[in-house]
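So you can see what is in the structure, the chains are spelled out below.
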Amino acid sequence: MTLAEAKSRHDDLATQLRHHDHLYYVQSKPEISDRDYDRLYRELVDLETQFPELLTPDSPTQRVSESPIKAFKPVQHRVSMLSLDNTYSQEEVRQFVARVQRIVPNEKLEWTVEPKVDGLAVNLTYENGKLIVGATRGDGTIGDDITANLKTIRSIPLTLKKPEKKASPKSKDESDLFGDSSASSLPRVLEVRGEVYMSRAGFQKLNAERIAAGEEAFQNPRNSAAGSLKQLDPRIVAKRPLNALFYGVGAFEGDLAPDTHHGWIKWLAELGFKTPEKIWVCQSEDELLNAINELDKIRHDFPYETDGAVIKLNNFDLREKVGYTTKAPRWAMAYKYAAEQAETKLNGITIQVGRTGILTPVAKLEPVFLAGSTVKRATLHNEDEIKRKDIRIGDTVIIEKAGEVIPAVIAVVESKRPTSAHPFDFQKHIHNKCPVCGGPISRDPQYVAWRCENLLCPAQTTRRIEFFTARGALDIESVGGIVADKVVERGLVREPLDLFELTLEKLATLNLGTDDAARVFGPKNAEKAIRALERAKTAPLSRWLFALAIPEVGKTTADQLASFHSTIEDVAQSQLLRDVVDYHDKSEEARKVRRENPTLHEQLKAELDAIIQRLTDAGFADRSQGKADGIVTEVGPVVAKSVLDYFASSAGKTVIKRMHELGITPTSQKVEVSKKAGLPFSGKTFVLTGTLPTMSREEASARITKLGGKVTGSVSKNTSYVLAGAEAGSKLEKAQALGVTVLDESAFLKMCE
Ligand code: IVH
């Protein structure tokens, strides 16, 4: 066979295999038997062995890379990945629709409704139809490069299918999709957003295999997908039943693109992506609510878990008009379905000590399958709740679970109460001492919960370490759970930062069993843990802020704090946070003295204005949003005060000092908004089109972002500038039609100076 013949056969085989992959993994409609598929595959492998020059990274044989990687590299998304506001109330959905309509009072709104898939958000970047990089969402700006892992998911195209050229649109829908001409060329750049998930069936099968092999079972399909994507060895990932579907786009550079969400979903399907099971296009609020209810009826038949409906404005130009808050679009909303419930028997009650010492009664249940996982324990909240609900041991109870939250016992089925059921005496059970360390407990009259006062209580330390090492915090999987238990029990660790002083020897010989039946952690696991700890040292600021378990600081607030500060010291001494607290205190004071002391009132008002100005300059407040203080993040006075108090306390000071000694200096990977606000292009959006004489589009984009500007894919009235080069197409025309300023390269470079 000549090289030319081999090349032609290679193209043919690759095309056939891609086609069958698509039929099997995306459409679930295979046309050939596994044997026939394997035969084609084998032939391709043989051909590539004989002619290695034919082997390209997007060949169907190149899905599983043979070499594990050391760590995931950070990648910056071209367009940030936002999150969604959510609600459990249909009334709030109506209010959301009304709010959007108020922003664009003269527009007719069209909505789409689609399933909210319970998986992990990913971003795939394609250049000229080839998959270049695949990443996790990360903090929305920077994610982990998990390309090798994503390539193993066979429904993800490595090469985009060329959309068929349509001579004339066959239906109204098609003409909607691309206007009056047809998009047959592949985009130069396309970021596709979607969700990686594990099907319910895949999850059950994987867990059965793990249990049979003596491995720990995964909690639910979502955790199982997350754990799989985190693997550094793609060969392991390839064995996990992962799948992915796509519902959105980020950056786009190309000639023609759909201008509606529904159009995009259809186009993504044409390009070869798996898209949501069903999508509704709704013309009215009533239609929208009907769609939400319809979805609730059919979603349990989908192969993946869903926890809600995502409502999006269909038209892209309107989306730009409606705009965004710092973390989410104003034109979309997630409606979450009510928690799922199950009935089971309450076999007993134990007391758990949390990371802040709170004693929580936990129900021991007859195992029951609920919302994707087997539940054996559920929280009973506190002593008063047990009394109020009259929960007795032996009762049949109703438990509830919504998304990520811990299952809870919500009621008793009294009609099923056996005569043997008996009440639980909380006080008697704990004998006035911590059930774990035996230390003193107290009950603050303001709170319903009892609390263990011993800061060195091993249960508290263990919980703090679990929190510190958990996903979302520092993600040191190998040191959570049983290892956390044992390092505390053996006195090696008394607070999370002690973990960084563990040595390889100490960990390798750590006994995870009992004194009688020892089971050591072993050198291999110890090495893995040490490596994970080393990696954690360089985790971004947002993760550290979350991991430190500062009161009032959750995941979102930690992300937001990090995006406004560069280092932990910056947060500790933040003028921004002091301003937030001051604003609150001074406005209270101003309100009080308004009548009696007009002079002081005036003075306070001037001070308040100065504070607001500083907060606005920093991008932290925006008074046009309607709120008095205009704060656009979740960091209000309560959070700000709690953060400042924490770092001013001796515990907080010790943490900072020790982090320094350990050489841990987390930084924020985001460009500070405070700096951004002072940058020449802040608040400006650019659209690039055509070929520039001396710069690549990447260079131009990088300069714009560096100077505080944003690059978007389509021209609208809100576009500040269109940077146009040779052979600029429809975007230039649109810019001219809308009166948007058009720059050539030299004008742009002048502006950059
Ligand atoms: S749209 C700017 N659509 O939900 C819009 N998200 O709570 C951002 N998700 O991070 C996302 N199904 O991981 C969108 N059909 C869907 C979705 C969906 C699941 C996830 C996604 C996102 C999270 C936000």
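Residues numbered from 1 in each chain as written. Predicted model: local features only at pLDDT ≥ 70, side-chain atom pairs only at ≥ 80, totals over all residues. Heavy atoms only, no water.

A. Broad picture of the overall build of the chain. Each helix and strand in the chain was counted, giving 28 helices and 24 strands. The C-alpha radius of gyration of the chain comes to 29 Å, within 12% of the 27 Å expected for a compact globule of 753 residues. Here the C-alpha coordinates of the chain stretch approximately 80 × 80 × 60 Å along the principal axes. By residue count, 48% of the 753 residues in the chain fall in the buried class. (Helix = DSSP H or I, 4+ residues; strand = E, 2+ residues; numbered from the N terminus. Rg over C-alpha atoms; globule rule 2.2 N^0.38 Å. Buried < 20%, exposed > 50% of the residue type's maximum accessible area, 1.4 Å probe, protein only.)

B. Molecular detail of the site of the ligand. Taken together, the residues surrounding the ligand are Leu82, Leu84, Glu114, Pro115, Lys116, Val117, Ala121, Glu195, Tyr247, Val310, Lys312 and Pro329. Within the contact set of the ligand, an oxygen atom lies 3.2 Å away from a side-chain nitrogen or oxygen of Lys116. In the complex, the protein chains occlude 85% of the 520 Å² of accessible area that the ligand would expose alone. Here the shell around the ligand gets four residues from one element, more than from any other, and that element is strand 3 (residues 111–117). (Near = heavy atom within 4 Å. Polar contact = N/O pair within 3.5 Å; in protein donor to acceptor, adjacent residues only side chain to side chain. Areas by Shrake-Rupley, 256 points an atom, 1.4 Å probe, with all protein chains shown as cover.)

C. Spatial organisation of the pattern of salt bridges. This structure, assessed with the given rule, holds 48 salt bridges. Among the ionic pairs, Asp85 bridges to Lys327, the shortest N-O distance being 3.7 Å. Of this pair, Asp85 sits in the loop between strand 1 (74–76) and strand 2 (86–87) while Lys327 sits in the loop between helix 11 (316–322) and strand 11 (332–336), placing them 242 residues apart in sequence. Its salt-bridge partner being Lys486, residue Glu489 comes within 3.4 Å of it at the nearest N-O pair. With Glu489 and Lys486 both in helix 15 (residues 481–489) and three residues apart, this pair spans about one turn of that helix. For Glu489, a relative accessible area of 52% puts it in the exposed group. (Salt bridge = Lys/Arg side-chain N within 4 Å of Asp/Glu carboxyl O.)

D. Structural context of the sheet that holds strand 22 (residues 710–712). Reading across the sheet, the four strands line up as 22-21-23-24 and stay open at both edges, with parallel pairing between neighbours. Edge positions in the sheet fall to strand 22 and strand 24 (741–743), since each of these pairs with one other strand and no more. Each strand of the sheet is rotated relative to its neighbour by a mean of 35°, with strand direction disregarded. Across the face of the sheet, helix 27 (residues 730–738) comes into contact with strand 21 (685–689), strand 23 (721–724) and strand 24 while running at roughly 135° to strand 21. Relative to strand 24, helix 28 (residues 745–752) is tilted by about 95°, and along the sheet it contacts strand 21, strand 23 and strand 24. (Pairing = 2+ DSSP bridges. Axes fitted to C-alpha atoms, helices over the stretch in contact; angles between N-to-C directions. Contact = heavy atoms within 4.5 Å.)

E. Representation of the pairing of strand 8 (residues 242–253). Counting buried residues along strand 8, eleven of its twelve residues qualify, which places the element largely inside the surrounding structure. Bridging between strand 7 (residues 189–198) and strand 8 involves nine bridges; their strand directions are antiparallel. In the sheet register, Gly194 faces strand 8, and the bridge partner there is Phe246.

F. Structural context of the packing of helix 23 (residues 637–648) against helix 24 (residues 650–661). At their nearest, the axes of helix 23 and helix 24 sit 4 Å apart, and the two run at 70° to each other. Relative to helix 24, the element helix 23 is oriented roughly perpendicular. The segment helix 23 lies against helix 24, with Tyr646, Phe647 and Ala648 engaging Ser650, Gly652, Lys653, Val655 and Ile656. Taken together, the residues that form the contact of helix 23 with helix 24 break down as five nonpolar, two polar and one charged. (Parallel < 35°, antiparallel > 145°, perpendicular 65-115°, else oblique. Nonpolar A, V, L, I, M, F, W, Y, C, P; charged D, E, K, R; others polar.)

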